[in-house]
Amino acid sequence: MKNEKLKINRRKILKVIPAGAAVVVTGTSTNMASAQNTIPIQFKHGVASGDPLQKKVIIWTRVTPNEDNYKGDIAVNWQISADENFTHIVNEGSFITNHDRDYTVKEDVAGLERGKRYYYRFSVGNSTSVTGETKTLKDSGKEPLKFAVASCSNYPWGYFNGYRAIAESGPYDAVIHLGDYIYEYQVGRYQSPKAEELGRLVDPPHEIKSLSDYRRRYALYRSDEDLQEVHRKYPFICTWDDHEFANNAYATGAENHDASEGKWAPRRRNATKAYMEWMPVRVTDSNLPTVRSFEFGDMATLAMLDTRVVGRERPLEYGLDVEMDERGNPDYAGFHKRLETEERSLLGEEQEKWLDQTLKSSANRKVPWQILGQQIIMSYRPEPPLDNVFTKEEMKSFPEGEQLSMKVAREYGGFYNPDAWDGYQPARRRVYDMFEKYDGNPIVLTGDTHCAWAMSLTDKMGGQHYGAEFAVQGITSPGRGDRLPKVKEVEQAYYDHLDHMALANIKGRGYMTLSISAEETITNWYVVSTIESREFEVELRKSLKYTAGDVDDGQVILQDVTS
């Protein structure tokens, strides 16, 4: 209900099972370890599961040796059971971890049944982890699905109340995380003014670049009780965005990386290795390490994309790439023409071929829904002119980037975001051609902007629609409405300027859910009342319905069903 607020009880106690119950990221799976192979450890970073398949799922934890300088092997036992009391253990083993993989443990558990809930735990000697819950996928049928969607969790902006709200709602078939799981910045940059007061300063205190840096930053995030709890409750399906590397990353560099910081390739390798160690994702030797698909019975195909590092050329930038006209003025019209017509790689040829085959296979199986989990706004979405909202004097007080956006939007009818698909429009056209070629009901899930959006997928005003896009706000990262006043008036400008816009919500932290049946998808956006207190409420901000088959006539109408 729109005005119904859910109060979160944060005093829920995590279940601990008593001890004694029966890049290249290397590690060794063995039989259960004997007692003499154990050393004293602690489970400080919780447990997690992810990348569920019909008969397999990843389970994860990390062990912390009590001895600070210990660098040897540790044998970690794991069990997965059909019941939470572990009276029906279906698989078990031991994983040898060590300093080379930061004492993380990641087991790809096989031999499971389709569409079933499982419970798992880890142990070393007399130390036993909390019990995690997970679920495998069905291989057939059109049973309803429910997902939670999250992105952009910046530790020093405040508490991860959105994660706690997901953990205490549901149940969900999976949590889809669209990236910016961590941020790379140093203490004092891009953080809440209250970060120190809230106990949310980052570790290490400097910008992260080395492998040790990235590992320490993940360790900080995974020490958070709310993030631990949502990982414990539900399997995650994740992709990375830029801040797992550095701001506005691309294949060969990043906006937040310059020559004084050394070569980009080692930093990218460090970030990738730490990600693969700390995240519950399946490690492969593929050139597309986070690009994979999941089949949820005969109901939905979920394709996870990488629009950030494997295929992306450096985006054009207003500050670097705008040429001057014959009068010596910035030629923004010519720059926009380049964005609209110039061939620039975003996914890369290999990933485009993979996506085409994934969509083709889904259509051949007559799966109703094709969901793309990815990072950046896909639909046509230039920033609108705001002259009817702010005076020129008011605009002068805004950040420099906002002033440029408003100037260009006023003079040229809109301001493109070159970092989004609007900056790679020929690449977007090829994806839209795939949507048109294969039967289905495309849904694009998006993070990155820290705002909540819903749009019909198009590439111009009044153009054909190819599906629907649902974008989630940040868990803690601030949106455009945190930089600008008159939030409602700015939001109205998006509706007035873009006829395919169904939701523009530029302020508020939270998460999104999708409830999917063969006939329709209902998407809900939830906002938490605060991220500066551990006591908070959750409000349903908007609920939209996307009807299967609506895309067939080229006009997708997202119906407001908020009540």
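Calculation rules
Residues numbered from 1 in each chain as written. Predicted model: local features only at pLDDT ≥ 70, side-chain atom pairs only at ≥ 80, totals over all residues. Heavy atoms only, no water. Helix = DSSP H or I, 4+ residues; strand = E, 2+ residues; numbered from the N terminus. Rg over C-alpha atoms; globule rule 2.2 N^0.38 Å. Buried < 20%, exposed > 50% of the residue type's maximum accessible area, 1.4 Å probe, protein only. Areas by Shrake-Rupley, 256 points an atom, 1.4 Å probe, with all protein chains shown as cover. Pairing = 2+ DSSP bridges. Disulfide = S-S within 2.5 Å. Salt bridge = Lys/Arg side-chain N within 4 Å of Asp/Glu carboxyl O. Axes fitted to C-alpha atoms, helices over the stretch in contact; angles between N-to-C directions. Contact = heavy atoms within 4.5 Å. Parallel < 35°, antiparallel > 145°, perpendicular 65-115°, else oblique. Left-handed = near helix turned anticlockwise from the far one by under 90°. Nonpolar A, V, L, I, M, F, W, Y, C, P; charged D, E, K, R; others polar. Core = buried A, V, L, I, M, F, W, Y, C linked by side-chain atoms within 4.5 Å.

**Student:** Break down the overall build of the protein for me, citing the residues and quoting the values.
**Tutor:** Counting its regular elements, the protein contains 11 helices and 28 strands. Here the C-alpha atoms of the protein give a radius of gyration of 23 Å, agreeing with the 24 Å that 2.2 N^0.38 yields for 563 residues. With respect to the principal axes defined by its C-alpha atoms, the protein has extents near 80 × 55 × 45 Å. Across the 563 residues of the protein, 60% fall into the buried class. If you sum the accessible surface of the protein, you get close to 21900 Å²; carbon and sulfur atoms cover 46% of it.

**Student:** Give me the lowdown on the pairing of strand β4 (residues 47-50), citing residues and values where you can.
**Tutor:** Burial along β4 is two-sided: the face carrying Val 47 and Ser 49 and the face carrying Ala 48 and Gly 50 are both buried. As defined by bridge partners, β4 adjoins strand β5 (residues 57-62) across four bridges and the pair is classed as antiparallel. Counted as the bridge partner of Val 47 is Thr 61 from β5. Between β4 and β5, which pair antiparallel one after the other, the connecting turn spans six residues, and Asp 51 there sits at a positive phi close to 45 degrees.

**Student:** Tell me about the state of the cysteines, and please be specific about residues and values.
**Tutor:** On inspection of all chains with the given rule, the structure shows zero disulfides. There is no disulfide at Cys 152, and the cysteine sulfur nearest it, in Cys 451, is 9.6 Å away. Cys 152 gets classed as buried once you look at its relative accessible area, which sits at 0%.

**Student:** How would you sum up the pattern of salt bridges? Please name residues and give values.
**Tutor:** A complete count under the given rule lists 50 salt bridges for this structure. Salt-bridge contacts for Arg 216 lead to Asp 203; the nearest nitrogen and oxygen are separated by 2.6 Å. On the criterion of sequence distance, the pair formed by Arg 216 in helix α2 (residues 211-222) and Asp 203 in the loop between β14 (174-177) and α2 is long-range, its members being 13 residues apart. Exposure remark for Arg 216: the relative accessible area of 36% places this residue in the partly exposed category. The closest approach of N and O atoms between Glu 342 and Arg 338, which form a salt bridge, is 2.9 Å.

**Student:** Help me get a handle on the sheet that holds strand β22 (residues 452-456), residues and values and all.
**Tutor:** Spatially, β18-β19-β20-β21-β23-β22-β24 is the arrangement adopted by the seven strands of the open sheet, whose pairing is mixed. What marks the edges here is a single partner per strand, and that holds for β18 (292-296) and β24 (501-505). Sheet twist, expressed as the mean angle between neighbouring strand axes with direction ignored, is 15 degrees. As judged from the five bridges shared by β18 and strand β19 (residues 300-304), these two strands associate in the antiparallel manner. Bridge assignment links Phe 294 to a residue of β19, and that residue is Leu 302. This element, helix α11 (residues 487-497), spans β22 and β24 of the sheet and lies at about 160 degrees to β24.

**Student:** Describe in detail the packing of helix α7 (residues 349-364) against helix α10 (residues 425-437), supporting the description with residues and values.
**Tutor:** In the contact formed by α7 and α10, the axes pass within 10 Å of each other and the chain directions differ by 15 degrees. Comparing the axis directions of α7 and α10 gives the class roughly parallel. Between α7 and α10 lies a crossing of right-handed hand. Of the residues in α10, those touching α7 at Glu 352, Leu 355, Asp 356 and Leu 359 are Ala 427, Arg 430, Val 431, Met 434, Phe 435 and Lys 437. For the contact of α7 with α10, the class distribution of residues is six nonpolar, no polar and four charged.

**Student:** Talk me through the nonpolar core; I want residue IDs and the actual numbers.
**Tutor:** Among the nonpolar cores identified, the biggest contains 53 residues, and Leu 355, Leu 372, Met 378, Phe 390, Phe 435 and Trp 453 are the most heavily contacted of them. When contributions to this core are tallied by element, the ones reaching two or more residues are α6 (332-341), α7, α9 (400-412), α10, β22, α11 and β24. Looking at this core, the element that brings in the most residues is α10, giving five residues. Ignoring sequence-local partners within four residues, the contact set of Phe 435 consists of Leu 359, Leu 372, Met 378, Pro 442, Val 444, Leu 457 and Tyr 466. Formed by 52 residues, the second largest nonpolar core is a distinct cluster that contains Trp 264, Val 281, Tyr 511 and Val 538.

**Student:** How would you explain unusual backbone geometry if you had to name every residue and give the values?
**Tutor:** At the junction of Gly 170 and Pro 171, the peptide bond is cis and its omega measures out at 5 degrees in the coordinates. Along the chain, Pro 171 falls in the loop between α1 (161-167) and β14. For the bond running from Asp 203 to Pro 204, omega is -5 degrees, close enough to zero to count as cis. Position of Pro 204 among the secondary structure elements: in the loop between β14 and α2. Of note in the backbone geometry, Asp 51 takes a positive phi value of approximately 45 degrees without being a glycine. The exposure class of Asp 51 is buried, given its relative accessible area of 1%. In this structure, Asn 248 takes a positive phi of about 50 degrees despite not being glycine. Inspection of the secondary structure puts Asn 248 in the loop between β15 (236-238) and β16 (249-250). Judged by its relative accessible area of 25%, Asn 248 is partly exposed.

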